[in-house]
Amino acid sequence: MSIDTSLTNLSRPIVVDGISYIPSTALLVGIPKVSFKDDLAFAVVDYRGESQRLYSPSSELGFYYNDTRFIGIWEMTFNGVSPIPLDSERLFGGNTAVFSMTNPDFPPMGAAGRIRRDSLLIRRVMTIWEDTLFESVEIKNFADQAHSLQVEQWVGGRFDDVFEVRGYARPKRGKMLASEELSVDGRRVSILQYEGLDGVTRKTFVYRHFSAEKIRVSPSLVGYFTRVDIPRKESVCLRTVVSFDRPCNCKLGNKFYCDMSMAEKMAFLQSQHGFRPFHPLSIESDNAILNRSLQNAEMDIYTLLTYENSEVIYPYAGIPWFSAPFGRDGMLTAYQLLPWYPKLARGVLDFAFEHLGSNIDSFTDEQPGKVFHEMRRGEMAKTREVPFIPYYGSVDSTPLCLILLHEYIRWTLDAERLKQWWPSAMRALEWLEKWGDADQDGFIEYAKQSPRGLVNQGWKDSHDSIMHADGRLAQAPIRLCEAQGYAFRAKMGLAALAGWLGKKDLAASLRLDALRLRSAFLERFWDSGGKYVYLALDGKMEPCAVRSSNMGHCLWSQILFEEQAREVSNHLLSDAMFSGYGIRTLADTEVAFNPLSYHNGSVWPHDNSIIMEGLRLYGYTKELEKLAMSMMDVLEVSDDFRLPELYCGFRRRGDAPPIPYQVACKPQAWAAGAVFLMMKSLLGLSMDIDQDHVVFNSPLLTPKVNLLEIKGLRCRNFEADIILRRSKGRTHVDVTRKSGNGRVLTVRG
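From a predicted model like this one, the values you see are computed outputs, not experimental measurements.

Conventions used here
- Residues numbered from 1 in each chain as written.
- Predicted model: local features only at pLDDT ≥ 70, side-chain atom pairs only at ≥ 80, totals over all residues.
- Heavy atoms only, no water.
- Pairing = 2+ DSSP bridges.
- Helix = DSSP H or I, 4+ residues; strand = E, 2+ residues; numbered from the N terminus.
- Axes fitted to C-alpha atoms, helices over the stretch in contact; angles between N-to-C directions.
- 1 Å grid on protein atoms, 1.4 Å probe; cavity = no way out; pocket = protein on both sides within 12 Å on 5 of 7 lines; lining within 4 Å.
- Points joined across faces, edges and corners; volume = space filled by probe spheres on them.
- Nonpolar A, V, L, I, M, F, W, Y, C, P; charged D, E, K, R; others polar.
- Core = buried A, V, L, I, M, F, W, Y, C linked by side-chain atoms within 4.5 Å.
- Buried < 20%, exposed > 50% of the residue type's maximum accessible area, 1.4 Å probe, protein only.
- Parallel < 35°, antiparallel > 145°, perpendicular 65-115°, else oblique.
- Left-handed = near helix turned anticlockwise from the far one by under 90°.
- Contact = heavy atoms within 4.5 Å.
- Phe/Tyr/Trp six-rings, centres within 6.5 Å; stacked < 30°, edge-to-face > 60°.
- Lys NZ or Arg CZ within 6 Å of the ring centre and 35° of its normal.

Engineer: Describe the sheet that holds strand β19 (residues 235–244), naming the residues involved and giving the relevant values.
Structural biologist: The strand order across the open sheet built from 8 strands is β8-β9-β10-β11-β19-β16-β15-β14, with neighbouring strands paired in antiparallel fashion. With partners counted over all chains shown, the strands left at the sheet margins are β8 (84–91) and β14 (175–184), one partner each. For this sheet the average axis-to-axis angle between neighbouring strands, irrespective of direction, equals 15°. Across 5 bridges, strand β16 (residues 201–208) lies against β19 in antiparallel orientation.

Engineer: Please give an account of empty space enclosed by the protein that cites residues and values.
Structural biologist: Taken as a whole and judged by the stated rule, the model has 4 cavities of 30 Å³ or more. Each pocket or cavity is described by its volume, and for the largest cavity that value is around 80 Å³. Lining the largest cavity are 14 residues, and of these Asp-300, Arg-642, Leu-643, Ala-671 and Ala-672 sit closest to its centre. Every element with two or more residues in the lining of the largest cavity is listed here: α3 (288–304) and α15 (669–683). Element by element, the count of residues in the lining of the largest cavity is highest for α3, at 4 residues. Among the residues making up the lining of the largest cavity, the classes are represented as 8 nonpolar, 3 polar and 3 charged. Roughly 70 Å³ of volume is contained in the second largest cavity.

Engineer: So what about the nonpolar core? Which residues, and what values?
Structural biologist: Ranked by size, the top nonpolar core spans 177 residues in total, and within it Trp-340, Leu-405, Phe-521, Val-533 and Leu-560 carry the most contacts. When residues in this core are grouped by element, the largest group, 11 residues, is from α15. Counting residues in each nonpolar core, the second largest holds 41 residues, with Phe-63, Phe-99, Ile-122 and Val-151 among its members.

Engineer: Outline the pairing of strand β18 (residues 221–230), listing residues and values.
Structural biologist: Burial of β18 is extensive: 7 of the 10 residues sit out of reach of the surface. When strand β12 (residues 147–156) meets β18, the two strands line up antiparallel, connected through 10 bridges. Bridged to Trp-154 within β18 is Gly-223. In terms of strand pairing, strand β17 (residues 213–218) meets β18 through 5 bridges, oriented antiparallel. Counted as the bridge partner of Val-217 is Val-222 from β18. Hairpin connection from β17 to β18: 2 residues lie between these consecutive antiparallel strands.

Engineer: Which residues make up the packing of helix α4 (residues 327–336) against helix α5 (residues 342–354), and what values do they have?
Structural biologist: For the pair α4 and α5, the least separation of the axes is 8 Å and the interaxial angle reads 155°. Taken as axis vectors, α4 and α5 run roughly antiparallel relative to one another. The two elements α4 and α5 meet at a crossing, and its hand is left-handed. Residue-level inspection shows Gly-330, Met-331, Thr-333 and Ala-334 of α4 in contact with α5, the latter providing Leu-344, Ala-345, Val-348 and Ala-352.

Engineer: Mind laying out the packing of aromatic side chains, listing which residues take part and the relevant values?
Structural biologist: For the structure on display, the rule yields 31 aromatic pairs. Ring centres 5.2 Å apart and planes at 70° place the aromatic pair Phe-70 and Phe-159 in the edge-to-face group. Taken as a pair, Phe-70 in strand β6 (residues 68–71) and Phe-159 in the loop between β12 and β13 (160–161) lie far apart in primary sequence, 89 residues in all. Here the two residues Phe-70 and Phe-159 agree in accessibility, since each one is buried. When the centroid spacing of 4.7 Å and the interplanar angle of 20° are considered together, the rings of Phe-521 and Phe-525 count as stacked. With a gap of 4 residues between them, Phe-521 and Phe-525 both fall in helix α10 (residues 504–525), about one helical turn apart. With relative accessibility at 1%, the residue Phe-521 sits in the buried group. Here the aromatic cluster, defined as three or more aromatic residues joined through ring pairs, consists of Tyr-65, Phe-70, Phe-159, Tyr-194 and Phe-244. Across from the ring centre of Phe-142, 5.6 Å away, lies the NZ or CZ of Lys-140, which sits over that ring. The lysine or arginine in question, Arg-489, covers the ring of Trp-556, its NZ or CZ lying 4.6 Å from the ring centre.

Below you can see the structure in the form of structure tokens.
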């Protein structure tokens, strides 16, 4: 393993153990960016809706489809000048972005005079619909005289695999083919094309619905211009349609895009994407910031939902780097959204069990019964330059899948699906007991098999995220503390399901196995002097004696007894681990602590949401409230009322916002899901297989929220509307409407 960080080589891709690290040179920093997505296609653009030639190729901006950046240059100038951005917003479930701009002092064109600044409103509306981009650029002239503009449009791309964008150095690429220029029904059509090493020719089709003349045509860049005359107080609109890999009929819905007014386009999109994915559920409070955050989180989840087939939806992990199915991320996101959106858990479980490992493949770390880690469909996956086809290098996806299965059945009692999934669940259990515990020491462990796989295979999968107290990196095989907890909870959950199915002997056996695991875990992972859980045991069974947020997941799995759980909660909320804006991944007293790092001192909202539910499960409501308040503080100081994937773990200074992590994904699935798991934890919401009632166990509204109304909460065959009110430090629950046979109970601690 080597990392080249010399000053003379900063432009070279950085590779750690064969997997591309995301260097700062792959990022455009210092400007706002907007992401929007629909199904397999997504875009990351600047605050003008562009990926300018100036940025290319050293940025992540562009338009992606099937793990390939089809367009890396998307730029429009007016009289040779870029417009001034005013505002941007995402609409309609996150598949549409609107950019409002105005003109600087435009230089004269020909005999025409200079156009004074702020004379024009330039409104760019970009929509991805059925993996096709529809763009409208509307130019409104507010001046008292007509104006003429020369508008240039530049489109280019090298068909970079997403791993190339991330900095992966390929020894060889395919070849760019000559661009094709066609005239179709009077429209100028450009076709950029690339023949990959996988034998697939990828194409970008650009349809201009305006008259245009050629400036330049090359294999990777085409430029056209048009002259537009805008009468005083009037508007003109330039429309472009782009499709990926296949030509399109340029229809949005059933109408040709060129015949659509802007109002018609917006009305159509509203009709298609105006509904809320969680419908009929709605959650609203007397805190405007929390309401906005819940709405944004719901939109982010909807943006990342992708149809793997007509029946199965899966939450892609995040834009831009992880817009693909991930096992661990999908399991935890679906869990976070129970009971709010059980359909997602059904889709995730369908997909995971469909792609359960069946062979032994050291290149992909596949093993029988193992749940996948990451699946890619780009050129480099198809040529096996990367192992993500799918890749199975995660130790925790399999037990998390079984935990999600149990939780889904608890809320839905979907007996038909359970019977359908049960054989796959038993194969996953076999992986836990055989392949996951290869040395049969009672603990599940991992060791990289693939030469291009991940060294670390828990959720902290950076190459340096598992270490000893002196900073030495742990050597494989590695037994993570949280993975043992997941295995414990998975077996306890399967035992409950087996009992419900009448498989009494299996249920008893699974409970006994789980209790044996707990006993062995507390013997080997508990530091009796420091009163905390070791991060891991290394290949020599030596403890990684550092304090990390991983032990908070042991609260969530309930592998700890009350005595140990109390000590762990104290550590997690101590000054060394609690930054003021959440719990750090690593205590600031550890040698390896770095608040700027990805996993060694940063703060992850999803990590904190899991810890919050762990605190709830042990009844630690005071600590839960403190942690929830810190997450709500992050939302309050956020510029968009969203939780990012992660942020730096510096100690909080007053009301200053947390320092952002520059490579963080936004939107990111389990960051959006963290808001919903936080709500569930605060409310003490639960339901069990042998219950016919929803329980609010010592519900808690923080001092920031005095009223919370939940409408359309569906559990099994009943639905309820509920209002929670905070008064004199207590939270009261009132059911305002109920249908079906279930009940709502409130338990006071």
